[in-house]
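Survey of secondary and tertiary structure
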Amino acid sequence: MTHPPSTATSSRTGSPTGTPADADRTAVRARALTKVYGQGEAAVRALDAVDVDVERGAFTAIMGPSGSGKSTLMHLLAGLDTAASGTVHLGLTELTGLDDRSLTHLRRDRVGFVFQSFNLLPMFTAEQNVLLPLELAGAPVDHAWVDTLVDVLGLRDRLSHRPAELSGGQQQRVAIARALVHRPEVVFADEPTGNLDSRAGAQVLSFLRRSVRELGSTVIMVTHDPTAAAYADRVLLLADGRIAGDISDPTPDAVLTSLDALRPLDDAAVR
Ligand SMILES: Nc1ncnc2c1ncn2[C@@H]1O[C@H](COP(=O)(O)OP(=O)(O)OP(=O)(O)O)[C@@H](O)[C@H]1O
Ligand SMILES: [Mg+2]
């Protein structure tokens, strides 16, 4: 199969089509990824032939105006939804070729999720919530790894608390430990600081960055906040279902400037 030339990604991979060797450093790859909601006149092209390579061991943020396709892209990359056309690879596995059962297993075993609303189980303690993915997978507990996560995330004295007894920031740190406990290949975070005040948000972002720097995680985060995006190694900008920018080592100012440049495009698309 041939692919159209990569725009945002070719400088990172050195090759728009990719080779098996790239799988070592490419955690997720999308090619010509297209998603259409609805049919006929009502059809919305939420993603339009998107090419993306996400580097392993990096912290990548996805930004863009409301409706630009950020959540859609993340859901497709994480195997939570299926594409109209195009391909997604997680490592060497092509998601777009998997049946529902295989996708369910892949999400359970190889991917971690952090949501804006924490999504902890209220009747379980923090510790039980953290260990849940291992329980569901019937996988053994790596106690040294759990200890590392608990310490890095500052949860040691909160393990026996239920979510209702924790602050929002603490709950989100439990959710991050849960997302990392089975050592997923990629952690997907959709607006992880959306429900937190700026101090708790900064803590969560620092922990995500530390998990990348010190624990070798790969994190992909959707955010509206330029300050949050500046914690990442790279910001991918989406506009109208297409990649509209790719910023390395972003600063809040650089992100804001690039977002501002997208606004007229967005307004035109809305009209
Ligand atoms: N289930 C759906 N059915 C129909 N259209 C949808 C559906 N989900 C998303 N869309 C449309 O697809 C486009 C992209 O939506 P998406 O949710 O990916 O945007 P987003 O960038 O995440 O926006 P936001 O910042 O508001 O969360 C939008 O035009 C949206 O209206
Ligand atoms: Mg969204």
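Above this text is the structure in question.
Rules and cut-offs
Residues numbered from 1 in each chain as written. Chains lettered and ligands numbered in written order. Predicted model: local features only at pLDDT ≥ 70, side-chain atom pairs only at ≥ 80, totals over all residues. Heavy atoms only, no water. Buried < 20%, exposed > 50% of the residue type's maximum accessible area, 1.4 Å probe, protein only. Helix = DSSP H or I, 4+ residues; strand = E, 2+ residues; numbered from the N terminus. Pairing = 2+ DSSP bridges. Right-handed = clockwise from strand over helix to strand, strands pointing away. Patch = residues over 30% accessible without salt bridge, like charges linked within 9 Å, V, L, I, M, F, W, Y side chains within 5 Å. Areas by Shrake-Rupley, 256 points an atom, 1.4 Å probe, with all protein chains shown as cover. Salt bridge = Lys/Arg side-chain N within 4 Å of Asp/Glu carboxyl O. Near = heavy atom within 4 Å. Polar contact = N/O pair within 3.5 Å; in protein donor to acceptor, adjacent residues only side chain to side chain. Nonpolar A, V, L, I, M, F, W, Y, C, P; charged D, E, K, R; others polar.

Attention shifts here to the pairing of strand β8 (residues 219-222). Judged by which residues are buried, β8 turns out to be covered on both faces: V219 and M221 on one side and I220 and V222 on the other are all buried. Pairing of strand β3 (residues 59-63) with β8, which is carried by four bridges, proceeds in the parallel orientation. Paired with A61 across the strands is M221, a residue of β8. Bridging between strand β7 (residues 186-190) and β8 involves four bridges; their strand directions are parallel. Looking at β8, one finds that A189 is bridged to M221. Note that the unit made of β7, helix α7 (residues 198-213) and β8 has a crossover that is right-handed.

Quick look at a nonpolar patch on the surface now. Together, L121, M123 and F124 line one region of the surface with nonpolar side chains, adding up to about 280 Å² of accessible area. Mapped onto the secondary structure, F124 falls in the loop between β6 (111-115) and α4 (126-137). In this structure F124 comes out as partly exposed when scored by relative accessible area, which is 31%.

Turning our eyes to something else, we now look at the site of ligand 1. The local shell around ligand 1 consists of Y37, V44, A46, P65, S66, G67, S68, G69, K70, S71, T72 and H224. Within the backbone of G67, a nitrogen or oxygen atom sits 2.8 Å from an oxygen atom of ligand 1. Coverage of ligand 1 by the protein chains reaches 58% of its 640 Å² of free accessible surface. Broken down by secondary-structure element, the contributors of at least two residues to the shell around ligand 1 are β2 (44-55) and α2 (70-77). The leading source of residues in the shell around ligand 1 is α2, at three residues. Per-class residue counts for the shell around ligand 1 are four nonpolar, seven polar and one charged.

On their own, these measurements won't tell you what the molecule is for.
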